[in-house]
Amino acid sequence: MKKGATISILIFIAVVFFGALYYLYAKNQESPIVFKTDKAEIKTIIKNTIATGNIVPDEEVLIKPNISGIIETVYIKAGDDIKAGDLIAKIKVVANVSNLNSSQNQVKTAKIALDNQEKLFKRQKTLFDKGVISANDFDAAQLAYKQANQNYIASKQSFDIVKTGTTSGLGNYANTLIRSTVTGMVLDVPVKVGNQVIESNNFNEGTTIASVADVGRMIFVGKIDESEVGKIKEKLALEITVGAIENKKFEAVLQYIAPKGVKENGAIQFEIKASLPNKENTFIRAGLSANASIILERADKVIAIKESLIQFDKKTQKPYLEIETASQNFVRKNLVLGVSDGIYVEVIKGINAKDKIKVWNLGLKTEEPK
């Protein structure tokens, strides 16, 4: 019994002993950890923010009528180039029955007054020719006759305007013919023949007959989040990317930042505007979606490294790198960093362009700087 137990113990000890020998042998056969290295680069680093928006004309003019009526003829279509004074549309006036009746009564009243003054004038003229009345009395009768005649003409013109929208003698002032007030391209014609339009006055903005703009003067209008608005200022350079125009960017200059934000989808947004001084003869349609890359910081031709190479001290949270001094021997170098674009970061102090930087991993001790 005792002999069997002794043999079992000896066998267990032998198994443990040979197992330990095998583990030590396998450990010695493992390849040592070899770290790769990388180098700094000379790069231009740009830190920017993105604003979304649209390309619109700098000034868009809405052509509205100064008389109500029905569109009789439309002379232009969207996309046409027109000049100031060109004919856009013709309006047929639909007379108001009440106003028409009132104007007609005024004409009749003025005619009665004119006939009466004509009789008085002829009577006074006969008496004046015979020397019965003075020149002053004759002049007064003549003046009253002329005034009655003028009132009659004015009442007939008012009747014509109420009835047709114009009258003889107005020439280019006839308001049934709608003309463009500016030179540019027709962007939209929202009315058709037969549509009723309302005049523009102090109480009504009127019906838009056409919108005209100079498409050579386009601007970017977009919105930027409140977290970014404090980082931008007017006259900053922008790069505009238009979704419908591939592989092309347009330079722009930030001109306007709204002083007041608007809450949209739970976030405060601020409107911005930027001019496009040079479109390189590219036709950009009004309303196209666009993105503006606003340059916040820029560092030209500086020493830059990939942000993935940077390590941070556990206690101070300051950045550092591990620089190779000999094969697979590394020393720690503290860094002073500058502009970052999220991938590369500027190194202001700490390394030079020739240093080999450890692509770090866990498990290798490095020498502390002396």
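Quick look at the structure, then.

What counts and how
Residues numbered from 1 in each chain as written. Predicted model: local features only at pLDDT ≥ 70, side-chain atom pairs only at ≥ 80, totals over all residues. Heavy atoms only, no water. Helix = DSSP H or I, 4+ residues; strand = E, 2+ residues; numbered from the N terminus. Contact = heavy atoms within 4.5 Å. Core = buried A, V, L, I, M, F, W, Y, C linked by side-chain atoms within 4.5 Å. Buried < 20%, exposed > 50% of the residue type's maximum accessible area, 1.4 Å probe, protein only. Pairing = 2+ DSSP bridges. Salt bridge = Lys/Arg side-chain N within 4 Å of Asp/Glu carboxyl O.

**Notes on the environment of threonine 37**
Right, on to step 1. Positionally, threonine 37 belongs in strand β1 (residues 37–39).
Right, on to step 2. Each C-alpha atom of the pair threonine 37 and glutamate 322 lies 9.6 Å from the other, and the pair is 285 residues apart in sequence.
Right, on to step 3. Leaving out residues up to four positions away in the same chain, threonine 37 has contacts with Glu324, Phe330, Lys356, Ile357 and Val359.

**Quick notes on the nonpolar core**
Right, on to step 1. Membership of the largest hydrophobic core comes to 27 residues, with the highest contact counts inside it found for Ile55, Phe220, Ile232, Leu238, Ile240, Ile272 and Ile294.
Right, on to step 2. For this core, the secondary-structure elements that each account for two or more residues are β2 (41–57), β11 (218–225), β12 (237–242), β13 (249–257), β15 (267–275) and β16 (289–306).
Right, on to step 3. Dropping the residues within four chain positions of it, isoleucine 232 is found in contact with Ile224, Leu254, Ile257, Ile272, Ile294 and Leu296.
Right, on to step 4. Core analysis: the next-biggest nonpolar cluster, separate from the first, contains 17 residues, Ile63, Ile91, Ile178 and Val197 among them.

**Some words on unusual backbone geometry**
Right, on to step 1. A positive phi angle, close to 75 degrees, is found at lysine 235, a residue other than glycine.
Right, on to step 2. The topology assignment puts lysine 235 in the loop between α4 (226–229) and β12.
Right, on to step 3. Positive phi outside glycine occurs at glutamine 317, with the angle close to 60 degrees.
Right, on to step 4. Position of glutamine 317 relative to the elements: it lies in the loop between β17 (311–312) and β18 (319–326).

**Details of the pairing of β15**
Right, on to step 1. Bridge count for β11 against β15 is 7 bridges, and the pairing is antiparallel. Considered in β15, the bridge of phenylalanine 220 is made with alanine 274.
Right, on to step 2. With 4 bridges joining them, β13 and β15 adopt antiparallel strand pairing. Bridge pairing in β15 links tyrosine 256 to lysine 273.
Right, on to step 3. Where strand β14 (residues 262–264) and β15 come together, 3 bridges link them in antiparallel fashion. Bridging from a neighbouring strand, valine 262 pairs with glutamine 269 of β15.

**What about the environment of alanine 237?**
Right, on to step 1. In this fold, alanine 237 is placed in strand β12.
Right, on to step 2. Residue classification places alanine 237 among the partly exposed positions, given a relative accessible area of 42%.
Right, on to step 3. As a C-alpha pair, alanine 237 and glutamate 251 span 14 residues in sequence and 7.3 Å in three-dimensional space.
Right, on to step 4. The residues touching alanine 237, leaving out its near neighbours within four places in the chain, are Ala252, Ser293, Ile294 and Ile295.

**Digging into the sheet that holds strand β9 (residues 196–197)**
Right, on to step 1. The antiparallel open sheet is built from 4 strands, whose spatial order is β7-β6-β4-β9. If you trace the sheet from one side to the other, it starts and ends with β7 (177–179) and β9, each paired once.
Right, on to step 2. Both strand β6 (residues 87–92) and β7 contribute to a ladder of 3 bridges, which runs antiparallel. In the strand pairing of β7, alanine 89 is matched with isoleucine 178.

**Points about the sheet that holds strand β5 (residues 81–82)**
Right, on to step 1. Strand order in the open sheet made by the 4 strands is β3-β10-β8-β5, with antiparallel pairing throughout. With partners counted over all chains shown, the strands left at the sheet margins are β3 (60–63) and β5, one partner each.
Right, on to step 2. Two strands pair when backbone bridges link them, and strand β8 (residues 184–188) and strand β10 (residues 210–213) are joined in this way by 3 bridges, in the antiparallel orientation. The partner of aspartate 188 across the bridge, within β10, is serine 211.

**Digging into the pattern of salt bridges**
Right, on to step 1. Counting across every chain of the model gives 13 salt bridges.
Right, on to step 2. Among the ionic pairs, aspartate 300 bridges to arginine 298, the shortest N-O distance being 2.9 Å.
Right, on to step 3. Put simply, Asp58, Glu59 and Arg217 are held in one network by salt bridges that share partners.

**So, the pairing of β12**
Right, on to step 1. Only one face of β12 is covered, namely the face carrying Leu238, Ile240 and Val242; the face carrying Ala237, Glu239 and Thr241 is uncovered.
Right, on to step 2. Hairpin connection, β12 to β13: the antiparallel pair is bridged by 6 residues, and asparagine 247 has positive phi, about 55 degrees.
Right, on to step 3. As judged from the 5 bridges shared by β12 and β16, these two strands associate in the antiparallel manner. Each bridged residue has a counterpart across the sheet, and for isoleucine 240 the counterpart in β16 is alanine 292.

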